[in-house]
Number of protein chains: 2
Amino acid sequence: MNEDIKLINGSITSPIGFLASGVACGLKKNGNADLAIVSSTNMANACGVFTKNVVKGHSLKRTMRVLKNGKAKAVVINSGNANACVGNQGDKDADTMADLTSGLLSCHPDEVLTGSTGVIGLLLPMDKVRSGIADAVSKLDSSEESGHLAEIAIMTTDTVAKEFTIEIHIGGRPVTISGMAKGSGMIHPDMATMISVITTDCDIEHSMLQKALSMVTEKTFNRVSVDGDTSVCDMVVILANGQAENRTISDLFSNEFFLFTDALEYGCRKLSKDIAGDGEGATKLLEILVKNALTKEDAVKIINSVAKSPLVKTAMFGQDANWGRILTAVGYSGANFNPDHCNIFIGDLQVCANGNALPFDESIAKSILSQKEIHITIDLCDGDVDDHIWTCDFSYDYVKINGSYRS
Amino acid sequence: MNEDIKLINGSITSPIGFLASGVACGLKKNGNADLAIVSSTNMANACGVFTKNVVKGHSLKRTMRVLKNGKAKAVVINSGNANACVGNQGDKDADTMADLTSGLLSCHPDEVLTGSTGVIGLLLPMDKVRSGIADAVSKLDSSEESGHLAEIAIMTTDTVAKEFTIEIHIGGRPVTISGMAKGSGMIHPDMATMISVITTDCDIEHSMLQKALSMVTEKTFNRVSVDGDTSVCDMVVILANGQAENRTISDLFSNEFFLFTDALEYGCRKLSKDIAGDGEGATKLLEILVKNALTKEDAVKIINSVAKSPLVKTAMFGQDANWGRILTAVGYSGANFNPDHCNIFIGDLQVCANGNALPFDESIAKSILSQKEIHITIDLCDGDVDDHIWTCDFSYDYVKINGSYRS
C-alpha cells in the first residue's frame, strides 16, 4: 500500500459536504432498511460504470442517460426490487423516484441518479417508495451513522455492510474518498449484482474522474465473481464535489492523479474482496492468480473459467486440495497455453508441476484450506502476463439462499 | 420417434457378437465394480469423439491415437481413477491396460481402446488393474446381465446405470444398437465427464460410422451440461462389427444411413437425458429450448449461458419461477438478440412477454416446477434457429458430493 494512503474510520458521509440516510419503507418483507439516499450539498462531478448485460434495469438505464451530463447532486437507491423487466412502467417509476427526490432536494431531476437491486420482474410499489423517499430525505445528515444506515439499506443477501474511507493529501489539503457497495449473488465480471456509490470531496475534472473510475473498475470490481451471473442492475457511480478545495486534478500524468487513482483502487479493492468474501453462502474468499500467461485474453479466460467452476468452488468449500479440477478448468477455458508447463500452488504449497501431480503433504494442504482466505496460483510459464480474480466457495447455503429467493 | 426404431430390453451385449463384463478390483474405496471390458468376437469398425479440453487424460489420449486405425476389438475402462495428469507413467499405464487386455484376448494392443474416469492426478494402482483385467476377461460373456455389470462398473457418482438398446431393420435384417454411458459431474459440452460405449452389429463403412457418430454427438452428448465443467477424460466410442449381415451402409444419402443415424440419435438422446437427470445431486431434468435465434452461434451461447447459471439452477431446485434469472442469463450470454422481443415459458406457462413480466398464476407455476422434468422455452422472435440443451438443478447434494469427492 502506498504510504500516502491512509485508511480511516468513517462512512459514505466522511468526505466534506456529503449527507446520507437509510430507511425502511416496506420493500423488504422482513422490514429491513431498503431505501438509501446519498447527496452532496453542492453539485458534484459524477461518472459511472455499468453492467454489460444486454438486459438492463430501468433505474440503471435512467442513470446511464442522465450521467451523460457529468453532474449529480444525489443518488437514490432501493433494495428488495430490481425495477427490471417491467416495461414502460419501470422507466416511469425510475423517473418518479428521481422526481420525488429532486423535488424535496430542490434540484433538477437529471441531477439525481437512481439504482435498484432485488427481484426482477415485479413493479415497484410506488406508494412505499414515495413515503420512503420522503422519510429518507428528511433524515439526510452528515453523521457517520447516517452513512452506515445508507450502506445497510442497499444490502440484499449481503450479510455485512461493505465500505471504506480513505484519506490522502493533495497539495497539502486533506482529501477523503469513501465508498459503499452491496453484493452478493448474481456476481460476475463485467460488473456484478453490485451497486457501489463512491463519494469524494476531491476537486477533480470530470474526464479525469471517469478515467480513474474506469481504470480502477477493470482491476477491482470487474475481478469479482461469485456465481458467474452478470446482473442487469450493476453499477458503480462516483460523485466528486470538490469541497476539499485541493488544486483541481486535471492532468493524467500528474502525481496527484496517480495518488487519487491509487487510493480509489485501494478502496475498491477492499470493497471487491469484501463482496467476494461475502458471496452468497460463502465460507471462504478465494483469490485466483494467473501468472505468466501468453496474453491478457488468455489470462482473463483462465481466471474466469477457474472462478466459475462449481467443482473448484465446492472442493474449496470441502477443504479438498483437488487441484485436478483447477487444471481441468484451465484446460477448458479456451485459453492458449501449454498444459505441460503449468504449475499450480494452493497457498504456498505446490501441488502440480508441469501439468502433472506433485506429491504433497495433505495435512499442510488441509491447514491452508482451512483458512478464511485462500490463494490459488496458476503459473503457466508461457509468457509474462499476470491477472487475478476474487471469488468464493460454493456451499450448502448458496443453494439454500437461491432456492427460495423470491419467496 | 421414427416408427421403424424399436426400443427393446437389452444391454451393451445385445448386438450379435458382443461380450462384456464388469468387476471390482479395488480402485473404488467402497468396493463397487470399477473395471469394465466390452469386446467383439470379430474385428469391428470403430470411431470416437473426444473432449476438447486442452488437458487430456492418458487413457483417452491413447484411444485417440489408436483409433486412427479405425478398427477395434475391445474397450477396457476403469472408474475411480482418471489416469490424468500423472506424467509419462500415465501413458505407460494406459499402454499396459491395453497390453494386458490384448494379451488375454489374443489381439493387437492397438485394437484395444482404453478409458479411465475418476479422480485426477493419482497414479493408477496397476497391481489392482492387472488383476481386474484378468478377472474381467475371464468373465466376458454375451449375457444381458454381463452387459449390465459393465454399465455399473463405469459409474462414478452416477446413481443409476444408463443404457439403451434399439432394434431397426436394414434391408429386412434386424440390426441392434446398444449403448452405455456414465455421467455425472464435470459435465458440459463439448463432451462431458462422460464416457459412453456404443456397440452395434450393423455393417457400416467406417467413414459412415464416424459421420453418424459426429452428427449425433453434436445434437445429444454435446447438449448436456451438469455443471459447466468439461472433463479431461470424456469420450464416446462406437464399435460396429457387421455381424447383423445387413447390406453394408456405404451411402450418406441412403435411407439406411438415415435410419441408422436416427436410431443412434434416439439412443444417444436417451443417454444424454439420463446423464442430465442423474447429474450430481440433481432432483430435476431441465430441458432448455431456444427458439427463433438469429444464428446458431447465438442459440448456442444462450443455451449454454442459461444451463450454466447457478442462479437458474438453484431456482429450479427451489421450484421458484424466477424467470428474471433466465432472462438475465440470456442477457449476459454474449448472444446477439433483442431483449424487447424475448418471450419465456416455463412448461406451457408464459412468464415473460417481450422482455417484460407477465402476470401468471403462481400455483400453476409451482405445479409445473414440481415435476421431475421441466422445459424452459426462450423464444427470441429474432430469426429461425432453434436449439436445446439438457441440464439439471443445483441442490444441496451437489455441494455435498463435490465438497469431499477425493476423500
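On a predicted model such as this, the values are computed, not experimentally measured, just so you know. Throughout, a residue's number is its position along its own chain's written sequence, starting from 1. Chains and ligands are labelled by the order in which they are written, letters from A for the one and numbers from 1 for the other. With the structure being a predicted model, the display of local features is reserved for residues of pLDDT at least 70 and the display and counting of side-chain atom pairs for 80 or more, all residues being used for whole-chain, interface and lining totals.

(A) Representation of the overall build of chain A within the structure. A run of H or I in DSSP becomes a helix once it reaches four residues, and a run of E becomes a strand once it reaches two; helices and strands are each numbered from the N terminus. Counting its secondary structure elements, chain A contains 11 helices and 15 strands. Here the radius of gyration uses the C-alpha set of atoms, whereas the globule reference equals 2.2 Å times the residue count to the power 0.38. Relative to the 2.2 N^0.38 estimate, which gives 22 Å for 407 residues, the radius of gyration of chain A is 22 Å and therefore close to what a compact globule would have. Projected onto the principal axes, the alpha-carbon positions of chain A cover approximately 70 × 55 × 35 Å. Burial is judged by counting the other C-beta atoms within 10 Å of a residue's own C-beta: 20 or more makes it buried, 12 or fewer makes it exposed, and any count in between marks it as partly exposed, with every C-beta position built from the backbone. Buried positions account for 61% of the 407 residues belonging to chain A. Note on contacts: each residue gets a C-beta atom placed from the backbone, and two residues are in contact if those atoms are within 7 Å. Long-range pairs, those at least 24 residues apart, make up 81% of the contacts in chain A with a sequence separation of at least 6.

(B) Focus on the domain arrangement of chain A. Residues and elements named next belong to chain A. If you check the domain split of chain A, you get domain 1 (6–277) and domain 2 (285–403). Taken together, the contact between domain 1 and domain 2 spans 11 residues of the former and 11 residues of the latter. Gly falls in the polar group here, along with every residue not listed as nonpolar (Ala, Val, Leu, Ile, Met, Phe, Trp, Tyr, Cys, Pro) or charged (Asp, Glu, Lys, Arg). Broken down by class, the residue content of the side of domain 1 that touches domain 2 amounts to 3 nonpolar, 6 polar and 2 charged. Here the limits of each domain have been adopted from an automatic or database domain assignment.

(C) View of the packing of helix 2 (residues 88–105) of chain A against helix 3 (residues 126–138) of chain A. Residue and element names in this part refer to chain A. Helix 3 packs onto helix 2 with a crossing angle of 25 degrees between their chain directions and a minimal axis gap of 10 Å. If you check the angle between helix 2 and helix 3, you find them roughly parallel. The two elements helix 2 and helix 3 cross, and the hand of that crossing is right-handed. Where helix 2 abuts helix 3, its residues Asp93, Thr96, Met97, Leu100, Thr101, Leu104 and Leu105 lie against Met126, Val129, Arg130, Ile133, Ala134 and Val137. For the contact of helix 2 with helix 3, the per-class residue count stands at 9 nonpolar, 2 polar and 2 charged. Fitted lines through C-alpha atoms give the axes, limited to the stretch in contact for helices. The angle between two N-to-C directions lies from 0 to 180 degrees. When describing relative orientation, an angle under 35 degrees is termed roughly parallel and one over 145 degrees roughly antiparallel, while 65 to 115 degrees is termed roughly perpendicular and anything else oblique. Each crossing is labelled by how the near helix is turned from the far one, with a counterclockwise turn of less than a right angle marking it left-handed and a clockwise turn marking it right-handed.

(D) A look at the sheet that holds strand 13 (residues 356–357) of chain B. Residues and elements named next belong to chain B. DSSP calls a pair of strands paired once it identifies at least 2 bridges connecting them. The strand order across the open sheet built from 6 strands is 13-12-11-14-10-15, with neighbouring strands paired in mixed fashion. The open sheet has two edge strands, strand 13 and strand 15 (385–392), and neither has a second partner. Summarising the sheet, strand 12 (residues 349–353) and strand 13 pair through 2 bridges and their orientation is antiparallel. Counted as the bridge partner of alanine 353 is asparagine 356 from strand 13. Sheet strands touched by helix 6 (residues 255–277): strand 10 (285–293) and strand 15. Its angle to strand 15, the strand with the most contacts, is close to 45 degrees.

(E) The sheet that holds strand 15 (residues 385–392) of chain A, seen in detail. All names here are of chain A. Read from one edge of the open sheet, 6 strands run 13-12-11-14-10-15, paired in mixed fashion. Here the strands that pair on one side only, and so sit at the sheet edges, are strand 13 (356–357) and strand 15. Looking at chain direction, strand 10 (residues 285–293) and strand 14 (residues 373–379) are connected through 7 bridges and run parallel. Looking at strand 14, one finds that valine 290 is bridged to isoleucine 378. Against the sheet, helix 6 (residues 255–277) touches strand 10 and strand 15, its axis set at about 45 degrees to strand 15.

(F) Inspection of unusual backbone geometry at higher detail. The phi angle at asparagine 292 of chain A is positive, at roughly 60 degrees, despite the residue not being glycine. As for its position among the elements, asparagine 292 of chain A is in strand 10.

(G) Spatial organisation of helix 5 (residues 206–219) of chain A. All names here are of chain A. Here helix 5 is 14 residues long and its end C-alpha atoms lie 20 Å apart, about the 20 Å a rise of 1.5 Å per residue gives. Of all the positions in helix 5, only Met208, Leu209, Ala212, Leu213, Val216 and Thr217 are classed as buried. The buried residues of helix 5 occupy an angular sector of 155 degrees when projected down its axis, which confines them to one face. Along its buried surface, helix 5 packs onto strand 3 (35–50), strand 9 (235–240) and helix 6. By definition here, a helix of n residues has an expected span of 1.5 Å times n minus one. Directions are taken from the helix axis to each C-beta atom, and the arc is the one they span.

(H) How the structure looks around the pairing of strand 14 of chain A. Looking at chain direction, strand 11 (residues 343–346) of chain A and strand 14 of chain A are connected through 4 bridges and run antiparallel. Bridged to isoleucine 346 of chain A within strand 14 of chain A is isoleucine 376 of chain A.

(I) Looking closely at helix 9 (residues 323–331) of chain A. Among the 9 residues that make up helix 9 of chain A, 9 are buried, leaving the element largely enclosed by the rest of the structure. Buried within helix 9 of chain A we find Trp323, Gly324, Arg325, Ile326, Leu327, Thr328, Ala329, Val330 and Gly331 of chain A. Where helix 9 of chain A is buried, its residues touch helix 7 (296–308), helix 8 (310–317), strand 11, strand 12 (349–353) and strand 14 of chain A together with strand 5 (112–119) of chain B.

(J) Structural view of the packing of helix 5 (residues 206–219) of chain B against helix 6 of chain B. Residue and element names in this part refer to chain B. Look at helix 5 against helix 6: their axes get within 9 Å of each other, and the N-to-C directions meet at 40 degrees. Overall, the two elements helix 5 and helix 6 adopt an arrangement that is oblique. Once helix 5 is placed against helix 6, the crossing between them reads as right-handed. Taking contact as the criterion, the partners of Met208, Ala212, Met215, Val216 and Lys219 in helix 5 are, on helix 6, Phe257, Phe260, Thr261, Leu264, Glu265 and Cys268. Residues that form the contact of helix 5 with helix 6 fall into these classes: 8 nonpolar, 1 polar and 2 charged.

(K) Focus on the environment of alanine 263 of chain B. Residues and elements named next belong to chain B. In this structure, alanine 263 sits in helix 6. Between the C-alpha atom of alanine 263 and that of isoleucine 166, which follows or precedes it by 97 residues, the distance is 7.0 Å. Beyond its immediate stretch of four places on either side in the chain, alanine 263 contacts Ile5, Ile166, Ile168 and Ile177.

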